[in-house]
Amino acid sequence: MRILDAQAKQAVQDTIRENLSTLARIPGFVDAVPGFPIIDGQIVREPAVVVHVVQKKPESHLDPADRLPRQLGAYRVSVMQAGPELQLMTNSQFEPVASEVIQASASALTYEPLPDNPINESFDVDQPIVCHVGPDAGWPTLKPFLEATQHTLSVAMYDFNAEYIAKTFIDSIQGRDIKAVLTWDDSMTAAETTIRGRLRAALKDDLDGWIVRCGANYRFASAYHEKVAVRDSSAFWLSSGNWSLRSQPEIDPIADPKAAKGMYSRGNREWHVIVDHEPMAKLFERYILRDRDGSKAEADEGDGEVALDVSEREFMPDVFVPIEELIGGLELAASIADPVAPAVLPSTARSFRVQPVLTPDNYLGRVREMLSSAQRSLYLQFAYINYSDAARDKNFTELLALLAEMSYRPALDMRIIMGRDGATDKIRRLAENGFNDKVFRTQGNIHNKGIIVDGSFVLVSSTNWSSDGVLRNRDAGLIIQDPEIAQYYQSVFLDDWDNRAKAFLDDDPPVVLAASGAPTPPGMVRMSWRDYHG
């Protein structure tokens, strides 16, 4: 069966209801839902009872009384690891957090697009751009870009936790009559709060810094998730990756070949681009300044928490993450790869078309057009793709429905690489809603959010594929129409597909919520929710 239809779901749900008391007695039970089971690493397209538990264990580690039945009525029972989001939503201890941050995130948002939607203008670019990827060449390329600032630096950033980036940011501005604007997401970790204090103390009036609050009655739903830096109103860096230890690791595998060993366990797969184009640079800067002005207006109305010097504000609980998962799996830790060098492209003088995209302004429409144009190949690499059929997410659900239909087109080479954190359950849900599961592979340490169409168009972006990410958060990207540029990123994608991504659906990692003060279990590390989800 191609989809798990309403009739099949209802029949399984009736069986779950009849057996719920039995299921709920299982230690670590979170919930039970109708779904496709996963058998020996593959999705089986038949109705089943899918039981989520806090921490899935091998049967050999369970007492016989704690084992679930293999079948309930006419349906198999498939046990799956509950992701941290599901644990959060079903754990009464964290109910206030779930209610405030998740359930209220999309209500009463105040964002209004600029008149005439200027981000929707496309541009002919006649200067080559710097294409590069992480962890191969992220920080070694970003650092000189920042150091070359002469007059102004305008930055929008979700996560800024790397001390060496903070030092370069300060050194590039301090004492040089340079004015900097920094707009920053509001959900701060302790490391970010420390950096925020350093920036304020070192740069003083040279830094116009503001927190962009998110949630009900603010402009964006759950994240100010942009990663853009505009230098001197004439050039800009745009990326899928934050200014973080994982997205911009302090390594240079090209200059230091020894750093190439295991580099994919030290940093995330990211796509970055640097564009020297004044009209586009000024356009992105205009939106950054508008986001700053929105925070200033909130401060004027009495919200003191949007100033850059307030105390840290962390909503979500920490999580315990297996050490193996933190490095992306043992295979990545041991891997040896030739790092991909930055390239200035196109290599011959010519003009090419670039379409800027922002959420919530024009990303959905422009990306839908891009996907619909695919004739030969469609490659996507995302940290995650979260299915939603909520009424408020209708436009995102329709985008996924288009992609699901395309996944079965015989003449279209469609491939999707997803980060492996929670990927098995996410792919299962996508398959139940019409996706061909054979187009998916999973890979450790994927933080990218990129698309390549027909080897001719490439999207470099910060937009995660969740309903908030596509519809209600602030993210930025570029759709670049040039075969040479697209194939630079396509070659990286295909190398990941062939050498690092896996078709076998492993059990999702046992990432569990960490109560305040709880000791860290052996073999795991405590991480902030923000650092884990990126």
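To keep things clear, this report deals only with the structure shown in the data block. (Residues numbered from 1 in each chain as written. Predicted model: local features only at pLDDT ≥ 70, side-chain atom pairs only at ≥ 80, totals over all residues. Heavy atoms only, no water.)

1. Here's the deal with the pattern of salt bridges
Enumeration over the complete set of coordinates arrives at 42 salt bridges. Of the charged contacts, one joins Arg530 and Asp159 as a salt bridge, the two residues approaching to 3.9 Å between their closest N and O atoms. Of the two residues, Arg530 sits in helix α16 (residues 529–533) while Asp159 sits in the loop between β9 (152–157) and α5 (163–173), which places them 371 residues apart along the sequence. A salt bridge links Lys167 to Asp171, with the nearest nitrogen and oxygen atoms 2.7 Å apart. Taken as a pair, Lys167 and Asp171 lie in helix α5 at a separation of 4 residues, close to a single helical turn. On the basis of relative accessibility, which here comes to 48%, the residue Lys167 falls in the partly exposed class. Take Asp171: its relative accessible area is 42%, and that puts it in the partly exposed class. The network of salt bridges with shared partners includes Asp136, Arg269, Asp495, Asp496 and Arg500. (Salt bridge = Lys/Arg side-chain N within 4 Å of Asp/Glu carboxyl O. Helix = DSSP H or I, 4+ residues; strand = E, 2+ residues; numbered from the N terminus. Buried < 20%, exposed > 50% of the residue type's maximum accessible area, 1.4 Å probe, protein only.)

2. A look at the packing of aromatic side chains
Taken as a whole, this structure holds 15 aromatic pairs when the rule is applied. For the pair Phe160 and Phe169, a centre-to-centre distance of 6.2 Å together with 75 degrees between the ring planes defines the contact as edge-to-face. In this pair, the class of Phe160 matches that of Phe169, namely buried. Look at Tyr379 and Phe493: their rings are 5.0 Å apart centre to centre, the planes differ by 5 degrees, and that puts the pair in the stacked class. One end of the pair, Tyr379, is in strand β18 (residues 377–382); the other, Phe493, is in helix α15 (residues 483–499), and 114 residues separate them in sequence. Exposure class is identical for Tyr379 and Phe493. Each is buried. Grouped by ring-pair contacts, the aromatic residues Phe160, Phe169, Trp184, Trp237 and Trp243 constitute a single cluster. Sitting over the ring of Tyr408, Arg2 keeps its end group 3.6 Å from the ring centre. In this structure, Arg530 packs its charged tip against the face of Tyr158, placed 4.2 Å from the ring centre. (Phe/Tyr/Trp six-rings, centres within 6.5 Å; stacked < 30°, edge-to-face > 60°. Lys NZ or Arg CZ within 6 Å of the ring centre and 35° of its normal.)

3. Overview of the packing of helix α11 (residues 363–372) against helix α12 (residues 394–406)
Two packed helices can be described by the angle between their axes and the distance between those axes. Interaxial distance between α11 and α12 falls to 11 Å at its minimum, and their mutual angle equals 10 degrees. Between α11 and α12, the interaxial angle falls into the category roughly parallel. Contact residues: α11 offers Leu364, Arg368, Leu371 and Ser372, while α12 offers Asn395, Glu398, Leu399, Leu402, Leu403 and Met406. (Axes fitted to C-alpha atoms, helices over the stretch in contact; angles between N-to-C directions. Parallel < 35°, antiparallel > 145°, perpendicular 65-115°, else oblique. Contact = heavy atoms within 4.5 Å.)

4. Overview of the sheet that holds β18
What the 8 strands build is an open sheet, ordered β7-β17-β23-β22-β21-β18-β19-β20; its pairing is mixed. Edge strands, defined here as strands with exactly one partner in the open sheet, are β7 (123–125) and β20 (440–443). Pairs of neighbouring strands in the sheet enclose a mean axial angle of 20 degrees, with direction left out of account. With respect to the sheet, helix α8 (residues 278–300) is in contact with β7, β17 (352–359) and β23 (475–481), its orientation differing from that of β17 by roughly 5 degrees. Contacts from α11 reach β17, β18, β21 (449–453), β22 (457–461) and β23, with the element oriented near 150 degrees to β22. (Pairing = 2+ DSSP bridges.)

5. As for helix α4 (residues 138–147)
Of the positions making up α4, those classed as buried are Gly138, Trp139, Thr141, Leu142, Phe145 and Leu146. One face of α4 carries all of its buried residues, which in axial projection span an arc of 160 degrees. Lining the buried residues of α4 we find β8 (129–134), β9, α5, β12 (227–231), β13 (235–239) and β14 (270–276). (Arc of directions from axis to C-beta.)

6. What to know about the sheet that holds strand β5 (residues 71–72)
In space, the 4 strands of this open sheet follow the order β1-β4-β6-β5, with mixed pairing throughout. In this open sheet, the two strands that pair with only one neighbour each are β1 (29–35) and β5. The pairing of β1 with strand β4 (residues 48–53) spans 6 bridges and is classified as antiparallel. Across the sheet, the residue bridging to Val33 is Val50, located in β4.

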